[in-house]
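Next come the chains, spelled out residue by residue.
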Amino acid sequence: MNQQLLDQTVGQLVAEKPSRSRVFERWGIDYCCGGKRALAEACQSRKIDTEALLNELLESDSKPESPCVDWTTQPLGELCDHIVTVHHDYLRAALPRLSALTEKVGERHGPKDPRLVELSNLFAEFRSELESHMHKEEVILFPAIKRLDSPTAPFSIDGPIRVMLMEHDSAGFDLAKMRSLTDGFAIRDGCCNTHRAMLDGLSELELDMHEHIHKENNILFPRALASESAGH
Ligand SMILES: [Fe+2]
Ligand SMILES: [Fe+2]
């Protein structure tokens, strides 16, 4: 068995080769908020056939990585801008649309399936927490990370990063709850178009959030903290 892969954390594995995230998504391995766990431990806790997963990882590694930026080496300011223009802007468009869909589905089908009312309430809370979270990143944390190079950094980024990590855990918990309330975003026969659009949109949101939190938890934050403690 490939011990070298098993000893690495799942966050590091995806930071090295982003295409590995697809294998982890398929096996339900959390590589963003749970990115600090070694692969061996992640497999054990989900009772995963480690050999089969390693084979899929090696097969994925053997294919050429689609051209994408290596965020483990690019300037931190560019990574902050990338997160805002790709992931935050995606959320600014998706969250209002999904609010309207979850509300409509909750009102229309809630009497038959109360889980849809729970989903609609949960989504409203998730959206408001996430909007405030993005605001803090854009107004406080990311500008501070961009100023790490200057000798006049006004405060340590350690505290704000701790808060962001806790909020990521909470968002990850909400997304897992949404997945369970919809039986894995499963589209069943007889679902109306609004219900289908909601499930499809939530599934896309989950995927984007995994990628987004992975980039912050496993690449941006550790690199920024290392840069701060190195004094530049
Ligand atoms: Fe973010
Ligand atoms: Fe974040």
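Residues numbered from 1 in each chain as written. Chains lettered and ligands numbered in written order. Predicted model: local features only at pLDDT ≥ 70, side-chain atom pairs only at ≥ 80, totals over all residues. Heavy atoms only, no water.

*Asks:* Even after reading the chapter, I still don't get the overall build of the protein chain, so can you show me in this structure?
*Replies:* Across its full length, the protein chain carries nine helices and zero strands. In the protein chain, the order of α-helices and β-strands from amino to carboxyl end is α-α-α-α-α-α-α-α-α. Taking 232 residues into account, the globule formula puts the C-alpha radius of gyration at 17 Å, and the protein chain, at 19 Å, falls close to it. Along the first, second and third principal axes, the C-alpha set of the protein chain runs to 60 × 45 × 30 Å. Counting the 232 residues in the protein chain, one finds 43% classified as buried. Summarising the internal contacts of the protein chain: among those between residues at least 6 apart in sequence, 75% fall at separations of at least 24. Surface accessibility of the protein chain: about 12,100 Å² in total, with carbon and sulfur atoms responsible for 53%. Placing the 26 positive and 38 negative side-chain charges of the protein chain at their respective mean positions leaves the two points 4 Å apart. (Helix = DSSP H or I, 4+ residues; strand = E, 2+ residues; numbered from the N terminus. Rg over C-alpha atoms; globule rule 2.2 N^0.38 Å. Buried < 20%, exposed > 50% of the residue type's maximum accessible area, 1.4 Å probe, protein only. Contact = heavy atoms within 4.5 Å. Areas by Shrake-Rupley, 256 points an atom, 1.4 Å probe, with all protein chains shown as cover. Lys, Arg positive; Asp, Glu negative; His and termini not counted. Charge placed at Lys NZ, Arg CZ, Asp CG, Glu CD.)

*Asks:* Whenever I open this one, the environment of cysteine 68 confuses me. Can you help?
*Replies:* Within the secondary structure, cysteine 68 is located in the loop between helix H5 (50–62) and helix H6 (76–109). Judged by relative accessible area, which is 48%, cysteine 68 ranks as partly exposed.

*Asks:* I keep staring at the coordination of the iron ion (ligand 2) and nothing clicks. Help me out?
*Replies:* Within the protein, the iron ion (ligand 2) binds to His133 (NE2), Glu137 (OE), His168 (NE2) and Glu216 (OE); these donor distances fall in the range 2.0 to 2.2 Å. Viewed at the metal, the four donor atoms of the iron ion (ligand 2) are separated by angles of 85 to 171 degrees, and the geometry they form is irregular. In the primary structure, the donors to the iron ion (ligand 2) are separated according to the pattern H-x3-E-x30-H-x47-E. In this model, the iron ion (ligand 2) sits 3.2 Å from the iron ion (ligand 1), the two metals being bridged by glutamate 137. Of this pair, glutamate 137 sits in helix H7 (residues 115–146) while glutamate 216 is found in helix H9 (residues 193–229), placing the two residues 79 residues apart along the sequence. In this structure glutamate 216 comes out as buried when scored by relative accessible area, which is 0%. (Donors = N, O, S within 2.8 Å, 3.2 Å for Na, K, Ca; no water. Tetrahedral: all angles 85-135°; square planar, octahedral: opposite > 155°, others 65-115°.)

*Asks:* What is the right way to look at the coordination of the iron ion (ligand 1) in this model?
*Replies:* When a metal carries six donors in an octahedron, the ideal angles between them are 90 or 180 degrees, while four donors in a tetrahedron ideally lie at 109.5 degrees. At the metal site, the iron ion (ligand 1) is ligated by His88 (NE2), Glu137 (OE), His212 (NE2) and Glu216 (OE), and these contacts range over 1.9 to 2.2 Å. If you look at the iron ion (ligand 1), its four donor atoms make angles of 87 to 169 degrees with each other, and the shape they trace is irregular.

*Asks:* Would you take a moment to explain the domain arrangement of the protein chain for this structure?
*Replies:* Interface size is commonly expressed as the accessible area that is lost once the parts come together. The domain boundaries assigned to the protein chain delineate domain 1 (3–62) and domain 2 (76–229). A separation of 22 Å is found between the C-alpha centroids of domain 1 and domain 2. Between domain 1 and domain 2, the residue contacts involve nine residues of the former and ten residues of the latter. In this structure, the connection of domain 1 to domain 2 is made through zero salt bridges. Between domain 1 and domain 2 we count two residue pairs in polar contact (both at pLDDT 80 or more) in total. No other element matches the three residues that helix H2 (residues 10–16) contributes to the side of domain 1 that touches domain 2. In terms of residue class, the side of domain 1 that touches domain 2 is built from five nonpolar, two polar and two charged. (Domains from an automatic or database assignment. Salt bridge = Lys/Arg side-chain N within 4 Å of Asp/Glu carboxyl O. Polar contact = N/O pair within 3.5 Å; in protein donor to acceptor, adjacent residues only side chain to side chain. Nonpolar A, V, L, I, M, F, W, Y, C, P; charged D, E, K, R; others polar.)

*Asks:* Which parts of the structure should I look at to understand a nonpolar patch on the surface?
*Replies:* Together, Val139, Ile140 and Phe155 give the surface a local cluster of nonpolar side chains, amounting to about 240 Å² of exposed area. Within the element layout of this structure, isoleucine 140 appears in helix H7. With a relative accessible area of 41%, isoleucine 140 lands in the partly exposed category. (Patch = residues over 30% accessible without salt bridge, like charges linked within 9 Å, V, L, I, M, F, W, Y side chains within 5 Å.)

*Asks:* What am I meant to see in the environment of glycine 106 here?
*Replies:* Along the chain, glycine 106 falls in helix H6. Distance in space between the C-alpha atoms of glycine 106 and leucine 116 is 4.8 Å, their sequence separation being ten residues. Here glycine 106 is in contact with Pro111, Leu116 and Val117, once residues within four sequence places are set aside.

*Asks:* Sorry, what's going on with the pattern of salt bridges here?
*Replies:* Oppositely charged side chains are able to pair whenever their charged atoms sit close together. Enumeration according to the criterion identifies 16 salt bridges in this entry. In this structure, the salt-bridge partner of arginine 92 is aspartate 89, at a minimum N-O distance of 3.0 Å. Of this pair, arginine 92 and aspartate 89 both sit in helix H6, three residues apart, roughly one helical turn. A relative accessible area of 40% places arginine 92 in the partly exposed class. We note a salt bridge from lysine 177 to glutamate 118, for which the minimum N-O separation is 3.4 Å. Note that lysine 177 is positioned in helix H8 (residues 158–181) and glutamate 118 in helix H7, a separation of 59 residues in sequence. Salt bridges sharing common partners tie together Asp113, Arg115, Asp183 and Arg188.

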